[in-house]
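Structural characterization, general
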Protein chains: 2
Amino acid sequence: MTLTTASKHVCCGGELGFYTVQSEALGLPTTFGVFIPEGASKDKPVPVLYLLAGLTCTQDTFLIKSNIVRFAAKHGIALVACDTSPRGANVPGETDSWDLGVGAGFYLDATQTPWRAHYRMGTFISEELPKLVASQFPVDLTRQGICGHSMGGHGALVHALRSPEKWKSVSAFAPIVHPAAVPWGEKAFTAYLGPDKAAWAQHDATLLLKAGHTHPTTILVDQGDGDQFLERELQPWHLEEAAKAVGQKLTLRRHAGYDHSYWFIQTFIEDHMNHHAKILKGV
Amino acid sequence: MTLTTASKHVCCGGELGFYTVQSEALGLPTTFGVFIPEGASKDKPVPVLYLLAGLTCTQDTFLIKSNIVRFAAKHGIALVACDTSPRGANVPGETDSWDLGVGAGFYLDATQTPWRAHYRMGTFISEELPKLVASQFPVDLTRQGICGHSMGGHGALVHALRSPEKWKSVSAFAPIVHPAAVPWGEKAFTAYLGPDKAAWAQHDATLLLKAGHTHPTTILVDQGDGDQFLERELQPWHLEEAAKAVGQKLTLRRHAGYDHSYWFIQTFIEDHMNHHAKILKGV
């Protein structure tokens, strides 16, 4: 598989690059960002944290706005940030709204026409991208963590609960914890997965927990109580109740006044990096 | 003067807001960002650091991309970030190129028609904005520092050298140190200040130093040696030579491999915040 370098920068002593690849899962070119900390090499591969951004974002957003690179550099952990949807699928209406289609792939594989041809971020994240990254960069495929924001928080939780052997650590900022029961999720899942709600359960962190899909580590979630989407779209209490019911360890922190923005994320990002470092590096 | 709040966010324990005001200097509305750290109050005003961004940026860019807020919060220092030009002046051709007009105000007052009606970022930065900020926020007008990037580095150096009594500390990332002698500066100065180069000297850090305008503190400058604009537009050796000639204290650090981007800035931002804190807080 051939990577094209879109840009490359020295940052915090390491190397941060954006690369484009013709994705098999997506059937389209897609661009992703990778940060490799100083000292990593084929002989000394490092753990890697995947970053999933929210609605309307791109592969740039989490890396540049969250302040995370400095802490990844400090811990000697690589970062990977992918796009939030395929680009150029040309599905009719895919750019009509900001919460469906372009910028809103929900990190799953669509099963419905016309989305299913290209809207396959699920396989891209879980299979193709990790293999690709591990083949091209000095990262350790056995020490992968995943973190996301909002729609990306949904993605991080769902992927970690479905494949805990693949994602060794997980955290989220203001995640959509129960998409099957809130407007953003209902709209996306109806389009991508069809009206049969039985199919939705595999893509809903709360329902996955209830069905017994747990993660062996503590899940870290931060949520601002001034978040404009808290009541309508996020509803973190569903995750809390489900985790309690099945004995899933969960640290859900509520922060007075904080909203849904990267101003919130950058405030608490160091704690998330520490959380992942502790698990991935065993320190 | 009435401020309209565009947005307000809790960040790093403090409050980060964007505000719009009808500027007298610009004759137009303009938006700026302010970060007030936790604990600041009218009774306990804090020092304040002004941030000047580079070509094509807005009031958002430096604040969200540089990682500076966390360090301002740590030091208890306020931040102010303005736009890079007036918006809505409707000067013919002002959006035709990215290095003149909109996004390229060069932090000076234009003297030439048709720019001079609104392109007056010089007075806005040096007079109007500090008074406005000090009247509305708990900041100490006697402890102001200034920092900028690229075109904003030019602005920071020029304002500090012209008014050291107003700007108590100064630093820059990859500044245009000698605009009168490089393409970006020649293009902008010809348009804004006219062909007579005598008028340019007041807006050129190298020429100001040579004319005896020094700053009582050490000027901190960081420059990447992988910067794509190094040879053509930045030429930091002019500043070094002029500083040496007049006895200006200057710390000019060159960093192997770093380019012109915010990936470079975020790597070294903590050092700049420490530099300003040391001077503004006397620690």
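Residues numbered from 1 in each chain as written. Chains lettered and ligands numbered in written order. Predicted model: local features only at pLDDT ≥ 70, side-chain atom pairs only at ≥ 80, totals over all residues. Heavy atoms only, no water.

1. Some points on the overall build of chain A
Counted only if it meets this: Runs of H or I in DSSP of at least four residues are treated as helices and runs of E of at least two as strands, each being numbered from the N terminus. The atom set for the radius of gyration is the C-alpha atoms, and the globule formula is 2.2 Å times the number of residues raised to the power 0.38. Throughout, exposure labels follow a simple rule: accessible area from a 1.4 Å probe, protein chains only, divided by the maximum for the residue type, with under 20% read as buried, over 50% as exposed, and the rest as partly exposed. Residue contacts are defined here by distance: any two heavy atoms, one from each residue, within 4.5 Å place the two residues in contact. For the charge count, each Lys or Arg is scored as positive and each Asp or Glu as negative, with His and the chain ends excluded. Charged side chains are reduced to one point each, which is NZ for Lys, CZ for Arg, CG for Asp and CD for Glu.
Looking only at helices and strands, chain A has 9 helices and 9 strands in total. For a compact globule of 283 residues, the expected C-alpha radius of gyration is about 19 Å, and chain A comes in at 17 Å, within 12% of that figure. With respect to the three principal axes, the spread of C-alpha positions in chain A is 50 × 40 × 35 Å. The burial tally for chain A puts 61% of its 283 residues in the buried class. Taking all contacts inside chain A whose residues are at least 6 apart in sequence as the whole, residues at least 24 apart take part in 71%. Positive and negative side-chain charges of chain A, numbering 24 and 27 respectively, have mean locations separated by a distance of 6 Å.

2. Topic: helix α4 (residues 151-162) of chain B
Residue and element names in this part refer to chain B. To be explicit about the condition: What a helix is expected to span follows from its residue count: subtract one and scale by 1.5 Å.
Taking 1.5 Å of rise per residue, 12 residues should cover 16 Å, and α4 covers 17 Å from first to last C-alpha, within 8% of that figure. α4 sits mainly inside the fold: 11 of its 12 residues count as buried. Every buried residue of α4 is accounted for by Met151, Gly152, Gly153, His154, Gly155, Ala156, Leu157, Val158, His159, Ala160 and Leu161.

3. Side note on the packing of aromatic side chains
Let me state the cut-off plainly: Pairing of aromatic rings covers Phe, Tyr and the six-membered ring of Trp, with a centre-to-centre limit of 6.5 Å; geometry is then stacked below 30 degrees between planes, edge-to-face above 60, and tilted otherwise.
Counted by the stated rule, this structure contains 32 aromatic pairs over all chains. Their ring planes at 50 degrees and their centres at 6.1 Å tell us that A:Tyr258 and A:Phe264 sit as a pair that is tilted. Their ring planes at 45 degrees and their centres at 6.3 Å tell us that A:Trp263 and B:Phe18 sit as a pair that is tilted. Of this pair, A:Trp263 sits in helix α9 (residues 262-280) while B:Phe18 sits in strand β2 (residues 14-23), placing the two residues on different chains. Residue classification places B:Phe18 among the buried residues on the basis of a relative accessible area of 6%. Clustering of aromatic rings is evident, with ring pairs tying together A:Phe173, A:Tyr258, A:Phe264 and A:Phe268.

4. Focus on the relation of the copies chain B and chain A
Test applied: To superpose the copies, least squares is applied to the C-alpha atoms of every residue with a pLDDT of at least 70 in both.
In screw terms, the move from chain B to chain A is a rotation of 180 degrees and a rise of 0.0 Å along the axis, fitting with an RMSD of 0.0 Å. Here the copies are linked by what is in effect a two-fold axis. Residue by residue, 100% of the interface of chain B is reproduced at the interface of chain A, so both copies engage with the same surface.

5. Re the UniProt feature "active site" (unreviewed entry) in chain A
Residues and elements named next belong to chain A. Worth spelling out the cut-off: UniProt positions are given in the numbering used here, feature names are shortened, and annotations may be inferred rather than shown by experiment.
Under the feature "active site" (unreviewed entry), the UniProt entry names Ser150, Asp227 and His260. Look at the named residues: they lie 111 residues apart in sequence, but the longest C-alpha span between them is just 10.8 Å, so in the fold they bunch up. Considering the arrangement of structural elements, one finds Asp227 in the loop between β8 (219-224) and α7 (230-234). Using a relative accessible area of 6% as the deciding quantity, one classes Asp227 as buried. Inspection of the secondary structure assignment puts His260 in the loop between β9 (250-255) and α9. In this structure, His260 is in contact with His149, Ser150, Ala174, Asp227, Gln228, Phe229 and Leu234, ignoring residues within four places of it in sequence.

6. Some remarks on the interface of chain B and chain A
Short version of the rule: Here the quantity called buried area is the accessible surface, traced with a 1.4 Å probe, that two parts lose on coming together, added over both. Polar contact is the term for a pair of N or O atoms within 3.5 Å; when the atoms are in protein, one must be able to donate a hydrogen and the other to accept it, and sequence-neighboring residues count only if both atoms are side-chain atoms. Each residue receives one of three labels: charged for Asp, Glu, Lys and Arg, nonpolar for Ala, Val, Leu, Ile, Met, Phe, Trp, Tyr, Cys and Pro, and polar for the others, Gly being one of them.
Each partner contributes residues to the interface: chain B has 26 residues there, and chain A has 26 residues. In total, chain B and chain A occlude about 2,100 Å² of area from one another, counting both sides; carbon and sulfur atoms represent 57% of this. It is B:Ile64, B:Arg70 and B:Trp263 that lose the most area in chain B upon contact with chain A, and together they represent 37% of the buried surface on that side. For the pair chain B and chain A, the number of links is 10 residue pairs in polar contact (both at pLDDT 80 or more). Sorting the residues of the side of chain B that touches chain A by element identifies β1 (4-11), β2, α1 (61-65), α2 (68-75) and α9 (262-281) of chain B as the ones contributing at least two each. Considering every element that reaches the side of chain B that touches chain A, the biggest residue donor is α9(B), with 7 residues. A class-by-class count of the residues in the side of chain B that touches chain A yields 14 nonpolar, 7 polar and 5 charged.

7. As for the sheet that holds β8(A)
Quick reminder of the rule: If DSSP finds at least two bridges between two strands, the strands pair. The convention used is that axes are lines fitted to C-alpha atoms, helices contributing only their stretch in contact, and that angles between N-to-C directions extend from 0 to 180 degrees.
Read from one edge of the open sheet, 9 strands run β1-β2-β3-β5-β4-β6-β7-β8-β9 (chain A), paired in mixed fashion. Single-partner strands in this sheet number two, and they are β1 (4-11) and β9 of chain A. Strand-to-strand, the axes of this sheet are offset by a mean angle of 20 degrees, without reference to chain direction. Note that strand β3 (residues 28-36) of chain A and strand β5 (residues 78-81) of chain A share 3 bridges and pair antiparallel. Of the residues in β5(A), the one forming a bridge with A:Phe35 is A:Leu79. Of the strands in this sheet, β8 and β9 of chain A touch helix α8 (residues 237-246) of chain A, which is tilted by about 155 degrees from β9(A). Helix-sheet contacts for α9(B) involve β1 and β2 (14-23) of chain A, and the interaxial angle to β1(A) is about 20 degrees.

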